[in-house]
Amino acid sequence: MKKSVFLGALTVAGLTAGAAAAGTLDDVKARGKLNCGVTTGLVGFAAPDANGEWQGFDVAICRAVAAATLGDPKAVEFVPTTGKTRFTALASGEIDVLARNTTWTFSRDTDLKFDFIGINYYDGQGFMVPKSLGVTSAKELDGATVCIQTGTTTELNLADFFRTNNITYTPVPIETNAEAQPLYLEGACDVYTTDASGLAATRAAFENPGEHVILPEIISKEPLGPLVRHGDNEWGDIVSFTFYALVAAEEYGITSANVEEMAAGTENPEINRILGTEGDLGAMIGLDNAWAKNAIAAVGNYGEIFAKNIGEETPVGLARGLNAQWKDGGLMYAPPFR
Amino acid sequence: MSDTHSQLAFVRTEMLAQKEPPAKDKGAVKWVRTNLFSSWSNTILTLVAFYVIVKLIVSAGPWFANGLWDTNSLSECRAILDGARGACFSVLSERWQQLLFGIAYPSDQYWRPTLAFVIMLVAAAPVLFVKLPRILLVVTGLFPFVAYWLLWGGTFLTPLVSLIGVIAGYYAFKNVERFGFVLGLGAGVIVAAIVWKIGGALTASMDDVLALRAVASRDMGGYMLNMMLGVVCISLSLPIGIMLALGRQSHMPIIKGISVVFIEFIRGVPLITLLFVASVVLAYFFPPETNMDLILRVIIMITMFSSAYIAEVIRGGLAALPKGQYEAADSLGLDYAQAMRLIILPQALKISIPGIVNVAVGLFKDTTLVSVISMFDLVGMIRGPILASTEWNGVYWELYGFAALLFFVTCYSISQYSQWLERQLRTDHR
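Predicted, not measured: the structure shown is a model, and the values here were computed from it.

Here we come to the overall build of chain A. Helices and strands together make up the secondary structure of chain A, namely 14 helices and 13 strands. Taken over C-alpha atoms, the radius of gyration comes to 22 Å for chain A, in line with the 20 Å a tight globule of 338 residues would show. With respect to the three principal axes, the spread of C-alpha positions in chain A is 60 × 60 × 40 Å. Scored against the burial criterion, the 338 residues of chain A give a buried share of 56%. Look at the contacts in chain A between residues 6 or more apart in sequence, and 70% of them connect residues 24 or more apart.

All names here are of chain A. Partitioning chain A into domains gives domain 1 (26-120 + 225-328) and domain 2 (123-221). A separation of 30 Å is found between the C-alpha centroids of domain 1 and domain 2. Listed by partner, the interface residues are 12 residues for domain 1 and 11 residues for domain 2. The tally of links from domain 1 across to domain 2 stands at zero salt bridges. Where domain 1 packs against domain 2, one counts one residue pair in polar contact (both at pLDDT 80 or more). Looking at side-chain class alone, the side of domain 1 that touches domain 2 contains six nonpolar, three polar and three charged residues.

The feature "domain: Solute-binding protein family 3/N-terminal" (unreviewed entry), as annotated in UniProt, sits at residues 33-262 of chain A in this numbering. Structurally, residues 33-262 of chain A is divided into 34% helix and 27% strand, and its ends, taken at the C-alpha atoms, are 28 Å apart.

Take the side chain of Asn 393 of chain B next. Mapped onto the secondary structure, Asn 393 of chain B falls in the loop between helix H16 (378-386) and helix H17 (397-425). For Asn 393 of chain B, a relative accessible area of 4% puts it in the buried group. Within the local environment of Asn 393 of chain B, its side chain forms a polar contact with the side chain of Gln 181 of chain A, the two groups lying 3.3 Å apart. In contact with Asn 393 of chain B, not counting residues within four places along its chain, are Val 43, Gln 181, Ala 201 and Ala 205 of chain A together with Leu 74, Ile 386 and Leu 387 of chain B.

Residues and elements named next belong to chain A. Of note in the backbone geometry, Lys 113 takes a positive phi value of approximately 60 degrees without being a glycine. Its identity as a non-glycine residue notwithstanding, Asn 166 has a phi of 60 degrees, on the positive side. On the accessibility criterion, Asn 166 (71% relative accessible area) is exposed.

This next bit is on the sheet that holds strand S8 (residues 125-130) of chain A. Residue and element names in this part refer to chain A. Pairing within the open sheet is mixed, and its five strands lie in the order S10-S9-S11-S8-S12. The open sheet has two free edges, formed respectively by strand S10 (169-174) and strand S12 (212-214), since each of these has just one partner strand. Direction aside, the axes of adjacent strands within the sheet are offset by 30 degrees on average. Where S8 meets S12, three bridges bridge the pair, whose relative direction is antiparallel. The residue bridging Val 129 from the neighbouring strand is Val 213, located in S12. Strands S8, strand S9 (144-149), S10 and strand S11 (191-195) of the sheet are contacted by helix H6 (residues 153-164), whose axis makes an angle of about 150 degrees with S9.

Our focus in this paragraph is the packing of aromatic side chains. Residue and element names in this part refer to chain A. In the structure shown here, the tally under the stated rule is 38 aromatic pairs over all chains. An aromatic cluster is present here, built from Phe 45, Phe 57, Tyr 121, Phe 241, Phe 243, Tyr 244, Trp 291, Tyr 302, Phe 306 and Phe 337 joined pairwise through their rings. Over the ring of Phe 306 we find Arg 320, and its NZ or CZ is 5.0 Å from the ring centre.

Another point: the interface of chain B and chain A. On the chain A side, the residues contacting the 40 residues of chain B number 51 residues. Buried surface at the junction of chain B and chain A, summed over both partners, amounts to about 3,900 Å²; 64% is from carbon and sulfur atoms. There are two salt bridges connecting chain B and chain A. Measuring nitrogen to oxygen at the nearest pair gives 3.6 Å for the salt bridge that ties Glu 77 of chain A to Arg 218 of chain B. For the pair chain B and chain A, the number of links is six residue pairs in polar contact (both at pLDDT 80 or more). Every element with two or more residues in the side of chain B that touches chain A is listed here: helix H4 (74-81), helix H5 (90-101), helix H7 (137-152), helix H12 (271-285), helix H13 (294-320) and H16 of chain B. When grouped by side-chain class, the residues that make up the side of chain B that touches chain A number 23 nonpolar, 10 polar and seven charged.

The next point concerns the state of the cysteines. Residue and element names in this part refer to chain A. Following the criterion strictly, the structure yields three disulfides over all chains and no others. Residue Cys 36 pairs covalently with Cys 62 via a disulfide, S to S 2.0 Å. A torsion of -60 degrees about the S-S bond marks the disulfide between Cys 36 and Cys 62 as left-handed. One end of the pair, Cys 36, is in strand S1 (residues 34-39); the other, Cys 62, is in helix H3 (residues 57-70), and 26 residues separate them in sequence. Of the two residues examined, Cys 36 and Cys 62, each falls in the buried class. At a sulfur-sulfur separation of 2.1 Å, the disulfide partner of Cys 147 is Cys 189. Looking along the S-S bond of the Cys 147-Cys 189 disulfide, the torsion reads about -95 degrees, which is the left-handed sense. Of this pair, Cys 147 sits in strand S9 while Cys 189 sits in the loop between helix H7 (177-185) and S11, and the two are 42 residues apart along the sequence. Overall, the relative accessible area of 0% leaves Cys 147 in the buried class. Assigning the bonded cysteines of chain A consecutive numbers by sequence position, one obtains the connectivity 1-2, 3-4.

In this structure the tally under the stated criterion is 20 salt bridges over all chains. Put simply, Arg 31 of chain A and Asp 96 of chain A hold a salt bridge, and the shortest N to O gap is 2.9 Å. Highlighted residues: Arg 31 of chain A in helix H2 (residues 24-31) and Asp 96 of chain A in the loop between helix H4 (86-91) and strand S5 (97-103), separated in sequence by 65 residues. On the basis of relative accessibility, which here comes to 26%, the residue Arg 31 of chain A falls in the partly exposed class. Overall, the relative accessible area of 2% leaves Asp 96 of chain A in the buried class. A salt bridge links Arg 63 of chain A to Glu 53 of chain A; the nearest nitrogen and oxygen atoms lie 3.8 Å apart. Here Arg 63 of chain A, found in helix H3, pairs with Glu 53 of chain A, found in the loop between strand S2 (47-48) and strand S3 (54-55); they are 10 residues apart in sequence, far enough to count as distant. A relative accessible area of 13% places Arg 63 of chain A in the buried class. For Glu 53 of chain A, a relative accessible area of 33% corresponds to the partly exposed category. Through salt bridges with shared partners, one network takes in Arg 248, Glu 264, Arg 267, Glu 312 and Arg 315 of chain B.

Parameters at a glance
Residues numbered from 1 in each chain as written. Chains lettered and ligands numbered in written order. Predicted model: local features only at pLDDT ≥ 70, side-chain atom pairs only at ≥ 80, totals over all residues. Heavy atoms only, no water. Helix = DSSP H or I, 4+ residues; strand = E, 2+ residues; numbered from the N terminus. Rg over C-alpha atoms; globule rule 2.2 N^0.38 Å. Buried < 20%, exposed > 50% of the residue type's maximum accessible area, 1.4 Å probe, protein only. Contact = heavy atoms within 4.5 Å. Domains from an automatic or database assignment. Salt bridge = Lys/Arg side-chain N within 4 Å of Asp/Glu carboxyl O. Polar contact = N/O pair within 3.5 Å; in protein donor to acceptor, adjacent residues only side chain to side chain. Nonpolar A, V, L, I, M, F, W, Y, C, P; charged D, E, K, R; others polar. UniProt positions renumbered as here; feature names shortened; annotations may be inferred. Pairing = 2+ DSSP bridges. Axes fitted to C-alpha atoms, helices over the stretch in contact; angles between N-to-C directions. Phe/Tyr/Trp six-rings, centres within 6.5 Å; stacked < 30°, edge-to-face > 60°. Lys NZ or Arg CZ within 6 Å of the ring centre and 35° of its normal. Buried area = accessible area lost by both parts, 1.4 Å probe. Disulfide = S-S within 2.5 Å.

Here it is in structure tokens:
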């Protein structure tokens, strides 16, 4: 029986070899599902709930793209990936989009042949230490043992930071954020370093969050964003502008609650163009004119996604900071829809 | 002479009643003296052990006793406990289904893996216990097909066609076998393939016949995935391991060469590397969109790995047999297959039981390594989704303790069975 499955798989492999060259959008439509790579679990960003439904800040991007392309935010096959398997999963075509708090770097974009389609979260690497250690600045961490996730940019930033400040450290390599937590609490490492958003989420889960401080130094720029493969720019455009539609929706006050009402037509031509009541932006990227409306109706605008998953009302409790709209002093800035 | 007795002062005429043994040589006191305080060093060890046990009970007792079973999140647990030590077992009562079946298995279909598990116990029984009626072996033979249908769903015709193919192949093999073993094997494979092809074509349009809701491999998870991988890989690797062991002892250079290279290569590579190959590297060799089932890839890799180890264990058993046994088989006029089947393997396998069980238990625990290639097995579920949920971020002991308990129960049963089997098969005169 297993053998027949195996042989069948080989035959299918041979038959479909020719069809692989078609565009990603056509593949997704033919499949009726979007294959979206997410993390195996990061508080607030992606995790399945008690019913097995994926929830989170990155997950919302997947759902928005599925709503824009297929009209159904539930038509997503979530593929959990680790820090080590994520890029091969995307490069080999197993997934169409990777929305997995991945830092946009030069070599990932060029050498690994991916396209980052935007930045959905501006992060930076920070340090957390127990208050009892009496450290007030990261520069006082000479000789410290540091818990650090392997296979990430944080590992390289850490080495750079300690080298430039001419101090030493002992790394304690760990696989996931969940593993770091008990190690840090039991004192296996003096310092835990990861993206500041991760530190906040981790600290929020402690029994006594007040006994730990996040040091003021942010030692790196971590622009986190979804990415697609090089070479299919039409698909890249779709994912990119689905994301920017969510950002623009916040700017123009379109929410999941009022999107239907606004789609009936408004005074503002920009809103009308986004929601497809004016012009034909959807046709330009090969989608239905209601693509952005579907996406916003499914997951809400950028601000809603932020507030629901990682905002100050949630246990993660992150402030908007750099991720506020440009009008509010942040960096979220969508190109004009025209 | 007759009045000798009258000259003696006292003669006892009845037996003395048996006396109680001294207090220090009977009952609990004796047991304590001989087992716990028989010497100075033992006394010290006893006291230390006693201290540790008390310490453990005192520290872990309240943790269990204060355990909460019906809160909705860790923070709620902490609020209720209010600083007292206590477990937050609520994570188990809320997520036990995910721990057992994974996040994506449809919850109204949980009866299917459960039923498959029960049938597995029935199917395994006649193999494990020789005294049970042989008719139960029919269940064993049908089990793989029924289990496949139950777990993955879809139409019943798919496993049915596979089963018919296997039976047809077996009869073809039986009928051609007298012209030679290899010829028979070839005929069996060809007939089975033809049946599968025809059956596949016939049933292609009948997807709804006796159909259960189809569940994708990606949606399998939790302890169910560990069990599936463990059971399938152990049962597949045993026959393959036997063939490899015999191949390695063969006088035919090509067969010997293939066996040696396979065994040495697989044993020289860590399992985790093979798993990464299965999940990551293989994806490059197939064109995109062909998704050869990830579970199938993993099963192939783990089976290869464990069959190499089992082959070496069985080779040890073969080497332990005196040369006389081989010569005796030859002198009876048995051919190779008969000699192996009737004389050599029954003895060699008996010697190998502890080693085989060792590999099996180790393999079963190694199935948790699939969590590293982002499959949500029991450990993967804990490491990934559950610890990353906002409600349960920070619960460790309860979850890992639960996983340890499940694995301990399974592995301890396997080990107890193997010891029982060894006693059953003991033929020496001790």
